[in-house]
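# A closer look at the structure
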Amino acid sequence: MRANWGTGIVVAFGLFITFILYFVFKVQGDANYDHEMVTEDYYKKEIGYQEQLDKQQNAYDLKEKITVKSTDDGLVIQFPASFDYKNIKGKVSLYRPSNQKLDFDMPISLSSSNLLIPKTKLVGGRWDISIEWNYKDKGYLNKEKVNL
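This is a predicted model, so every value here is computed, not measured.

Parameters at a glance
- Residues numbered from 1 in each chain as written.
- Predicted model: local features only at pLDDT ≥ 70, side-chain atom pairs only at ≥ 80, totals over all residues.
- Heavy atoms only, no water.
- Helix = DSSP H or I, 4+ residues; strand = E, 2+ residues; numbered from the N terminus.
- Rg over C-alpha atoms; globule rule 2.2 N^0.38 Å.
- Buried < 20%, exposed > 50% of the residue type's maximum accessible area, 1.4 Å probe, protein only.
- Contact = heavy atoms within 4.5 Å.
- Areas by Shrake-Rupley, 256 points an atom, 1.4 Å probe, with all protein chains shown as cover.
- Pairing = 2+ DSSP bridges.
- Axes fitted to C-alpha atoms, helices over the stretch in contact; angles between N-to-C directions.

When its secondary structure is counted, the protein chain shows 3 helices and 7 strands. Going residue by residue from the N terminus, the α and β elements of the protein chain occur as α-α-α-β-β-β-β-β-β-β. Scaling as 2.2 N^0.38, a compact globule of 148 residues should have a C-alpha radius of gyration of about 15 Å, whereas the protein chain reaches 25 Å, well beyond that. C-alpha atoms of the protein chain, sized along the principal axes, occupy 90 × 35 × 20 Å. Within the protein chain, the fraction of its 148 residues that count as buried is 22%. For the protein chain, the proportion of contacts with a sequence separation of at least 24, taken over those separated by at least 6, is 56%. Taken as a whole, the protein chain presents about 10900 Å² of accessible surface, with 56% of it coming from carbon and sulfur.

This part takes up the sheet that holds strand β7 (residues 138–147). Reading across the sheet, the 4 strands line up as β4-β3-β6-β7 and stay open at both edges, with antiparallel pairing between neighbours. Single-partner strands in this sheet number two, and they are β4 (104–107) and β7. Sheet twist, expressed as the mean angle between neighbouring strand axes with direction ignored, is 15 degrees. Looking at chain direction, strand β3 (residues 88–95) and strand β6 (residues 126–135) are connected through 8 bridges and run antiparallel. Its bridge partner being in β6, K91 is matched across the sheet by E132. Across the sheet, helix α3 (residues 49–61) lies against β6 and β7, angled at about 80 degrees from β7, the strand it touches most.

Within the element layout of this structure, A3 appears in the segment before α1 (5–29). Each C-alpha atom of the pair A3 and A81 lies 84 Å from the other, and the pair is 78 residues apart in sequence.

Set out below in C-alpha coordinates:
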(Lines give C-alpha, C1' and ligand atoms only; values in the text may rest on other atoms or scores of the structure.)
Protein backbone atom coordinates (compact mmCIF):
# COMPACT_ATOMS: atom_id res chain seq x y z
CA MET A 1 0.00 0.00 0.00
CA ARG A 2 1.29 3.37 -0.94
CA ALA A 3 0.89 6.29 1.49
CA ASN A 4 -0.04 9.72 0.18
CA TRP A 5 -0.61 13.11 1.79
CA GLY A 6 -4.25 12.41 2.63
CA THR A 7 -3.38 9.20 4.48
CA GLY A 8 -0.62 10.98 6.43
CA ILE A 9 -2.97 13.77 7.50
CA VAL A 10 -5.64 11.33 8.67
CA VAL A 11 -3.06 9.33 10.65
CA ALA A 12 -1.65 12.52 12.19
CA PHE A 13 -5.15 13.70 13.23
CA GLY A 14 -5.93 10.24 14.65
CA LEU A 15 -2.72 10.24 16.73
CA PHE A 16 -3.38 13.80 17.94
CA ILE A 17 -6.94 12.95 19.01
CA THR A 18 -5.69 9.83 20.80
CA PHE A 19 -3.04 11.91 22.57
CA ILE A 20 -5.60 14.50 23.76
CA LEU A 21 -8.11 11.85 24.89
CA TYR A 22 -5.37 10.08 26.86
CA PHE A 23 -4.73 13.22 28.93
CA VAL A 24 -8.43 13.96 29.37
CA PHE A 25 -9.08 10.50 30.82
CA LYS A 26 -5.91 10.63 32.92
CA VAL A 27 -6.94 13.94 34.56
CA GLN A 28 -10.55 12.83 35.11
CA GLY A 29 -9.52 9.57 36.77
CA ASP A 30 -6.67 10.85 38.94
CA ALA A 31 -7.47 11.85 42.55
CA ASN A 32 -4.74 14.53 42.46
CA TYR A 33 -6.93 16.56 40.13
CA ASP A 34 -9.99 16.90 42.35
CA HIS A 35 -12.83 18.83 40.67
CA GLU A 36 -15.13 19.61 43.56
CA MET A 37 -16.98 22.77 44.47
CA VAL A 38 -15.05 25.33 46.46
CA THR A 39 -17.11 24.85 49.63
CA GLU A 40 -19.49 22.18 50.82
CA ASP A 41 -23.20 23.10 50.78
CA TYR A 42 -22.52 26.19 48.68
CA TYR A 43 -26.19 26.89 47.94
CA LYS A 44 -27.27 26.55 51.58
CA LYS A 45 -24.66 29.13 52.56
CA GLU A 46 -25.94 31.60 49.97
CA ILE A 47 -29.46 31.59 51.44
CA GLY A 48 -28.23 33.19 54.69
CA TYR A 49 -26.12 35.81 52.93
CA GLN A 50 -28.02 38.86 54.28
CA GLU A 51 -27.48 37.61 57.83
CA GLN A 52 -23.75 37.39 57.09
CA LEU A 53 -23.76 40.94 55.77
CA ASP A 54 -25.46 42.17 58.96
CA LYS A 55 -22.88 40.38 61.12
CA GLN A 56 -20.03 41.86 59.07
CA GLN A 57 -21.53 45.32 59.51
CA ASN A 58 -21.75 44.75 63.27
CA ALA A 59 -18.06 43.82 63.30
CA TYR A 60 -17.18 46.85 61.18
CA ASP A 61 -19.05 49.18 63.55
CA LEU A 62 -16.99 48.08 66.59
CA LYS A 63 -14.59 50.65 67.99
CA GLU A 64 -12.10 47.92 68.88
CA LYS A 65 -11.57 45.53 65.99
CA ILE A 66 -10.45 41.92 66.07
CA THR A 67 -6.80 41.47 65.11
CA VAL A 68 -5.16 38.37 63.66
CA LYS A 69 -1.39 38.06 64.07
CA SER A 70 1.05 35.37 63.06
CA THR A 71 3.53 34.48 65.81
CA ASP A 72 6.09 31.73 66.37
CA ASP A 73 3.47 29.72 68.32
CA GLY A 74 0.77 30.04 65.65
CA LEU A 75 -2.05 32.43 64.83
CA VAL A 76 -3.27 34.71 67.61
CA ILE A 77 -6.77 36.15 67.32
CA GLN A 78 -7.24 39.04 69.71
CA PHE A 79 -10.81 39.97 70.61
CA PRO A 80 -11.73 43.45 71.87
CA ALA A 81 -10.40 43.97 75.40
CA SER A 82 -13.51 45.93 76.39
CA PHE A 83 -15.63 42.77 75.96
CA ASP A 84 -15.89 40.18 78.71
CA TYR A 85 -14.15 37.20 77.08
CA LYS A 86 -16.30 34.74 79.05
CA ASN A 87 -19.37 35.85 77.07
CA ILE A 88 -17.79 35.43 73.64
CA LYS A 89 -18.97 32.28 71.86
CA GLY A 90 -18.65 31.11 68.28
CA LYS A 91 -16.28 29.38 65.90
CA VAL A 92 -13.27 30.07 63.75
CA SER A 93 -13.24 28.49 60.28
CA LEU A 94 -9.93 28.14 58.52
CA TYR A 95 -10.22 27.60 54.80
CA ARG A 96 -7.32 26.62 52.57
CA PRO A 97 -8.14 27.62 48.95
CA SER A 98 -5.58 25.22 47.48
CA ASN A 99 -6.58 22.09 49.43
CA GLN A 100 -10.00 21.44 50.94
CA LYS A 101 -8.64 18.55 53.01
CA LEU A 102 -6.75 21.05 55.21
CA ASP A 103 -9.89 23.06 56.11
CA PHE A 104 -11.06 22.90 59.71
CA ASP A 105 -13.29 24.63 62.26
CA MET A 106 -12.33 25.50 65.80
CA PRO A 107 -14.76 26.49 68.56
CA ILE A 108 -14.03 29.71 70.40
CA SER A 109 -13.24 28.94 74.04
CA LEU A 110 -11.31 31.72 75.70
CA SER A 111 -9.37 31.97 78.93
CA SER A 112 -8.31 35.51 78.02
CA SER A 113 -9.16 37.89 75.20
CA ASN A 114 -6.79 35.98 72.89
CA LEU A 115 -7.33 32.74 70.98
CA LEU A 116 -4.28 30.78 69.83
CA ILE A 117 -4.42 28.45 66.85
CA PRO A 118 -1.29 26.28 67.16
CA LYS A 119 1.19 26.33 64.30
CA THR A 120 1.10 22.50 64.25
CA LYS A 121 -2.42 22.67 62.73
CA LEU A 122 -1.38 25.12 60.01
CA VAL A 123 0.56 24.53 56.80
CA GLY A 124 2.47 27.35 55.18
CA GLY A 125 0.64 29.30 52.50
CA ARG A 126 -2.58 31.28 52.20
CA TRP A 127 -5.45 30.81 54.66
CA ASP A 128 -8.87 32.46 54.60
CA ILE A 129 -10.12 32.87 58.16
CA SER A 130 -13.75 33.41 59.05
CA ILE A 131 -14.47 34.31 62.68
CA GLU A 132 -18.18 34.03 63.48
CA TRP A 133 -18.87 35.01 67.07
CA ASN A 134 -21.59 36.25 69.41
CA TYR A 135 -21.40 38.62 72.32
CA LYS A 136 -24.53 39.32 74.37
CA ASP A 137 -26.84 37.90 71.68
CA LYS A 138 -25.36 40.07 68.93
CA GLY A 139 -23.66 38.35 66.02
CA TYR A 140 -20.36 39.39 64.47
CA LEU A 141 -18.43 38.09 61.47
CA ASN A 142 -14.83 38.90 60.63
CA LYS A 143 -13.02 37.62 57.55
CA GLU A 144 -9.27 37.77 57.17
CA LYS A 145 -6.69 36.46 54.73
CA VAL A 146 -3.35 35.35 56.15
CA ASN A 147 -0.18 34.12 54.47
CA LEU A 148 2.03 31.92 56.63
